[in-house]
Structures are given as C-alpha cells and as structure tokens.
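# Examination of the molecular architecture
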Amino acid sequence: MPARTPLDANAVLAATEEILRRHGPDKATVVDVARALGVSHAAVYKHFPSKQALREAVTRRWLDRNRDALAVIAADSAAPPAQRLRTWLHAVLAVKQAKIRQDPELFAAYGILAAAHSSVATDHVADLLGQLTAIIADGAADGSLRTDDAEATARVVFNATAKFNHLAHAAEWQNPGVGAELDEVCNLLLEGLRAPTSP
C-alpha cells in the first residue's frame, strides 16, 4: 500500500503517537507504525535510528505542547512574582492532571523514559526549573522575594512541590483536594520567600 502522506519526521511522529495511544508503550512496535503509514519499517528507521529514538522524539513533542502556556505565565511581568509563582505551580499541576487523564498511554511512555533517566525527562525538568528560576529571579530583582541564588531556590521550591509534579505521585493528582493542598504548600513557601517589609 502506498504511503498516504509524505513520509517526513512529523508524519512518523504523528503515526507513532496514535499507535502508542492504541497499543500502549509496552506493545507498540515500529512495525505497527510502518503499517499505519503504509511503508516498510526500514523507511521509518531512515528518520529515527531506533525504537528508543522514536519513542523519545514523540514523547518530547507531546511534552512540549504545554511548554509555551507555562512559559507565558512565567514571563508575565504584569503579575507580581509571588502571584506568578503560585499560578505557575497550579498550572504545572493542571497540565499533569490533563495529560494523565487524556493521554494515559503517552503518559506511561513518559514514565518509562523517566525511569530510564532519558534526556527527554531530564530536559523537561530542566525546562520547568528554568521557568521557575526566571519567576524567582524577577522577585529578587524587584525586592518582593528573598533569595541570593534564584536557581538554587527554584530547585528547593520544585522539590518542595514534588507531590504535585513528580511522576511518583501521579495517582494522587486526581484527588479532589489536591489543589487546596498545593495552595497550602504555596502559602508556606511564599511566607518563607517574601522579603521582610520595612517597619
């Protein structure tokens, strides 16, 4: 059967995403992807040298879909840094909740890569930390947040909110009170980060 779409990397990634949704990460194969595209599996390997490379590329693309929305929050200079920090942390949780609810198979694929310490997972976390660092640096610059090292403080905040962003806690993200729990953690973190006001 001839290919129905031009066989470029994007076509391969789109087909792989659908195959992962249909079969899950444990059963999806490159042969399944090739069959869906109407090509040989060798044609798929011309774009991605291995099943691992293909899985990493499709997962990276899937994760990046929400990157810009989070980056907009992080860069919103109209919002005070403390408010931005709270909004961003809640947005990260909302993104994770939506991904696990709407795309459980692709979320599982991400979990496999994270467990294997893939660069996809480490790059994703690094990107989130970069956005968080920018928010805290803005707070340090305008005097509203107290820190001598925005990057180190961002790591502390990220680790302190691990329950709301780390894969190990994914089962808890759908709990009804999880947003309120995050708010309580935000209150505590911001209390510690806020610069003291002059008497």
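Everything quoted here is computed from the prediction, not taken from an experiment.

On to the overall build of the chain, then. When helices and strands are counted, the chain shows 10 helices and 0 strands. Dimensions of the chain, computed from C-alpha atoms along their principal axes, come out at roughly 75 × 30 × 25 Å. Scored against the burial criterion, the 199 residues of the chain give a buried share of 41%. Nonlocal contacts in the chain, meaning residues at least 24 apart in sequence, comprise 68% of its contacts between residues at least 6 apart. If you sum the accessible surface of the chain, you get close to 10400 Å²; carbon and sulfur atoms cover 56% of it.

Attention now moves to the domain arrangement of the chain. Split into domains, the chain comes out as domain 1 (9-44) and domain 2 (51-193). In this structure, domain 1 and domain 2 have C-alpha centres spaced 29 Å apart. Domain 1 puts 15 residues into the contact, and the matching count from domain 2 is 13 residues. When domain 1 packs against domain 2, the two sides together hide about 1200 Å² of surface, and 65% of this comes from carbon and sulfur. At the boundary of domain 1 and domain 2, one finds 3 salt bridges.

This part takes up the UniProt feature "DNA-binding region" (unreviewed entry) in the chain. Mapped onto this numbering, the UniProt entry gives "DNA-binding region" (unreviewed entry) at residues 29-48. Spanning residues 29-48, this segment combines 65% helix with 0% strand, and its end C-alpha atoms are found 13 Å apart.

Right, let's get into the packing of aromatic side chains. Summed over the entire model, instances satisfying the criterion amount to 3 aromatic pairs. With centroids separated by 6.4 Å and ring planes inclined at 80°, the aromatic side chains of Trp 62 and Phe 107 adopt a geometry described as edge-to-face. Residue Trp 62 is located in helix α4 (residues 51-64), and its partner Phe 107 is located in helix α7 (residues 104-115); the two are separated by 45 residues in the primary sequence. Note on accessibility: Trp 62 and Phe 107 belong to one class, buried. Aromatic side chains Phe 107 and Tyr 110 sit 6.4 Å apart centroid to centroid with 70° between the ring planes, which places their arrangement in the edge-to-face category. Here Tyr 110 and Phe 107 lie together in helix α7, a separation of 3 residues that amounts to about one turn. Since its relative accessible area comes to 8%, Phe 107 is described here as buried.

Moving on to empty space enclosed by the protein. One pass over the structure, following the stated rule, counts 1 cavity of 30 Å³ or more. For the largest cavity, the calculated volume is near 90 Å³. For the largest cavity, the full set of lining residues is Thr 16, Leu 20, Ala 28, Thr 29, Val 30, Val 33, Lys 51, Leu 54 and Arg 55. Only α1 (9-23), α2 (30-37) and α4 provide two or more residues apiece to the lining of the largest cavity. Ranked by residues supplied to the lining of the largest cavity, first place goes to α4 with 3 residues. Considering only residue class, the lining of the largest cavity consists of 5 nonpolar, 2 polar and 2 charged. Built from parts of two domains, the lining of the largest cavity gets at least three residues from each of domain 1 (9-44) and domain 2 (51-193).

The rules behind these values
Residues numbered from 1 in each chain as written. Predicted model: local features only at pLDDT ≥ 70, side-chain atom pairs only at ≥ 80, totals over all residues. Heavy atoms only, no water. Helix = DSSP H or I, 4+ residues; strand = E, 2+ residues; numbered from the N terminus. Buried < 20%, exposed > 50% of the residue type's maximum accessible area, 1.4 Å probe, protein only. Contact = heavy atoms within 4.5 Å. Areas by Shrake-Rupley, 256 points an atom, 1.4 Å probe, with all protein chains shown as cover. Domains from an automatic or database assignment. Buried area = accessible area lost by both parts, 1.4 Å probe. Salt bridge = Lys/Arg side-chain N within 4 Å of Asp/Glu carboxyl O. UniProt positions renumbered as here; feature names shortened; annotations may be inferred. Phe/Tyr/Trp six-rings, centres within 6.5 Å; stacked < 30°, edge-to-face > 60°. 1 Å grid on protein atoms, 1.4 Å probe; cavity = no way out; pocket = protein on both sides within 12 Å on 5 of 7 lines; lining within 4 Å. Points joined across faces, edges and corners; volume = space filled by probe spheres on them. Nonpolar A, V, L, I, M, F, W, Y, C, P; charged D, E, K, R; others polar.

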